[in-house]
Amino acid sequence: MADTATRGATSTSRGSRPAFRTAGRARPGTAAQRDSKGYFRLFTWPALLMYTLGFLGPSMYGVVISFAKWSGPGSPVTWVGWRNYVRVFRDDTVRQAFWNTAVIVLVGGAAVFALAFLAMAVLRDMRGRAFVRAALYLPSIISMIAIGTSLGFLLNPGGVVNRVLGLIGLESLQQTWLDPQHIFGCIVVGVVWMGSGFYIVLLMTAVDAIPKHLYEEAQLTGLTRMQQFRWITLPLSRDMIAIAAVLWTANSLRTFDIVIGFVGTAGTPSVNSRTYAVQQWLSAGHTTGGGAPELGYASAMATLLTVLTVALVVLVRRLGRSERLEIS
């Protein structure tokens, strides 16, 4: 009888405990939870609304228009299905522009990351490296159009480059740098010069995060500076290198401003100087010949570029994925 009463009291207390806990938790926390949710919605919904109206909405509208022939507001819309996409793949001018963009992504990227890796190896414990990094980063904050225009003035037939070559006795190297044969190489050099500083600073932040005692122990074991870079710096900076590669891929695929700067000084938008983004801009109606805008065709080009960018970014991220290293 006593055992039965004790069990009943125990079961009763156990059964009533969850209700007591629930009530005790709900009362003091309800107002705070409501306030936190209210602040979250207050700051989230305006951002989501602006993102939807300013990006998602126009992007989806562009995908829809890519299946039509359309010259802009006030003109009729003629649905053509996949013809715009088929035309993109058959257009020789678009293929040349895409090849130019691929050269910037691959060749320019190789040059940029070579300079960044060199800086990671050389500037690691260099005195005054903060000043050097700031000087290297400076071109990255200048407008791309300004860089293209300035380089165009420097490289014109009577510009500073040809004059300096003449003064030092290298007249044989003087060129008409802005002609269709040489202008794209000058554009690639400008892109590398402008972008390398940002990626040097980005990768140097990964070097700064590596514990110094690892390098000290490596020096005691007799590892050279290049061996330290190979076995310490690169493995521990792999995640940041992957992020930098993603940023370079996404940004270089949209190369536009610097080309417009060069083209403005050269006077004619030659096919050899166009990137994919410039060709898309021209197809949207910004032509010197006064032709009708082809917004549907330009939207198809933009849609393909978006798909390609996402695919390459995912590929680069997977190639750069690595296991996290624990450092003691």
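Residues numbered from 1 in each chain as written. Predicted model: local features only at pLDDT ≥ 70, side-chain atom pairs only at ≥ 80, totals over all residues. Heavy atoms only, no water.

**Re the overall build of the chain**
Then step 1. Per the secondary structure count, the chain includes 13 helices and 2 strands.
Then step 2. Put simply, the chain has 328 residues, and 33% of those count as buried.
Then step 3. At a minimum sequence separation of 6, the contacts of the chain that also span at least 24 residues come to 70%. (Helix = DSSP H or I, 4+ residues; strand = E, 2+ residues; numbered from the N terminus. Buried < 20%, exposed > 50% of the residue type's maximum accessible area, 1.4 Å probe, protein only. Contact = heavy atoms within 4.5 Å.)

**Quick look at the pattern of salt bridges**
Then step 1. Tallied over the full model, the rule gives 3 salt bridges.
Then step 2. Residues Asp 92 and Arg 95 are paired through a salt bridge, measuring 2.1 Å at the closest nitrogen-oxygen approach. Of this pair, Asp 92 and Arg 95 both sit in helix α3 (residues 92-122), 3 residues apart, roughly one helical turn.
Then step 3. Judged by relative accessible area, which is 54%, Asp 92 ranks as exposed.
Then step 4. Overall, Arg 95 belongs to the partly exposed group, its relative accessible area being 42%.
Then step 5. One salt bridge in this structure joins Asp 208 and Arg 133, with 3.1 Å as the shortest N-O distance. Remark: Arg 133 occurs in helix α4 (residues 129-137) and Asp 208 occurs in helix α7 (residues 183-208); sequence separation between them is 75 residues.
Then step 6. Residue class for Asp 208 comes out partly exposed when judged on its relative accessible area of 30%. (Salt bridge = Lys/Arg side-chain N within 4 Å of Asp/Glu carboxyl O.)

**Notes on the packing of helix α10 (residues 238-252) against helix α13 (residues 295-319)**
Then step 1. Packing of α10 against α13 brings their axes to within 9 Å, and their N-to-C directions diverge by 165 degrees. As far as their axial angle goes, α13 and α10 are roughly antiparallel. As α10 packs across α13, the resulting crossing turns out to be right-handed. Facing Asp 239, Ala 242, Ile 243, Ala 245, Val 246, Thr 249 and Ala 250 of α10, the residues of α13 in contact are Thr 309, Leu 312, Val 313, Val 316 and Arg 317.
Then step 2. Its residues assigned to classes, the contact of α10 with α13 shows 8 nonpolar, 2 polar and 2 charged. (Axes fitted to C-alpha atoms, helices over the stretch in contact; angles between N-to-C directions. Parallel < 35°, antiparallel > 145°, perpendicular 65-115°, else oblique. Left-handed = near helix turned anticlockwise from the far one by under 90°. Nonpolar A, V, L, I, M, F, W, Y, C, P; charged D, E, K, R; others polar.)

**Focus: the packing of aromatic side chains**
Then step 1. With the rule as written, the count across this model stands at 11 aromatic pairs.
Then step 2. An angle of 80 degrees between the planes, with centres 6.3 Å apart, marks the rings of Phe 98 and Tyr 276 as edge-to-face. Here Phe 98 is found in helix α3, whereas its partner Tyr 276 is found in helix α12 (residues 276-283), with 178 residues between them in sequence.
Then step 3. For Phe 98, a relative accessible area of 39% puts it in the partly exposed group.
Then step 4. Put simply, the rings of Phe 113, Phe 117, Phe 198, Tyr 199, Phe 229 and Trp 248 pair up and form one aromatic cluster.
Then step 5. The cationic tip of Arg 87 hangs over the ring face of Tyr 297; the distance from NZ or CZ to the ring centre is 3.9 Å.
Then step 6. The lysine or arginine in question, Arg 230, covers the ring of Trp 231, its NZ or CZ lying 4.3 Å from the ring centre. (Phe/Tyr/Trp six-rings, centres within 6.5 Å; stacked < 30°, edge-to-face > 60°. Lys NZ or Arg CZ within 6 Å of the ring centre and 35° of its normal.)

**So, α12**
In an α-helix, one turn spans 3.6 residues; hence positions three or four apart end up facing the same way.
Then step 1. Counting buried residues along α12, 6 of its 8 residues qualify, which places the element largely inside the surrounding structure.
Then step 2. Those residues of α12 that sit buried are Tyr 276, Ala 277, Val 278, Gln 279, Leu 282 and Ser 283.
Then step 3. Two residues or fewer past α12, Gly 285 is found with a positive phi of approximately 120 degrees.

**Things to note about the packing of α12 against α13**
Then step 1. Where α12 meets α13, the closest approach of the two axes is 8 Å, and the angle between their N-to-C directions is 155 degrees. With respect to α13, the axis of α12 lies roughly antiparallel. Every pair of crossing elements has a handedness; the one defined by α12 and α13 is left-handed. Contact residues: α12 offers Tyr 276, Gln 279, Gln 280 and Ser 283, while α13 offers Tyr 297, Ala 298, Met 301, Ala 302, Leu 304 and Leu 305.
Then step 2. Residue classes in the contact of α12 with α13 are distributed as 7 nonpolar, 3 polar and no charged.

**What about the nonpolar core?**
In a soluble, globular protein the nonpolar side chains are often hidden away together inside.
Then step 1. The biggest cluster of nonpolar side chains holds 48 residues, and the ones touching the most others in it are Phe 113, Ile 187, Leu 203, Ile 258 and Phe 262.
Then step 2. Sorting elements by how many residues they give to this core places α7 first, with 14 residues.
Then step 3. In this view, Phe 262 contacts Gly 148, Leu 151, Gly 152, Leu 155, Leu 178, Ile 183, Cys 186 and Ile 187; residues no more than four positions away in its chain are not counted.
Then step 4. Val 94, Ala 300, Met 301 and Leu 305 belong to the second-largest nonpolar core, a separate cluster that totals 10 residues. (Core = buried A, V, L, I, M, F, W, Y, C linked by side-chain atoms within 4.5 Å.)

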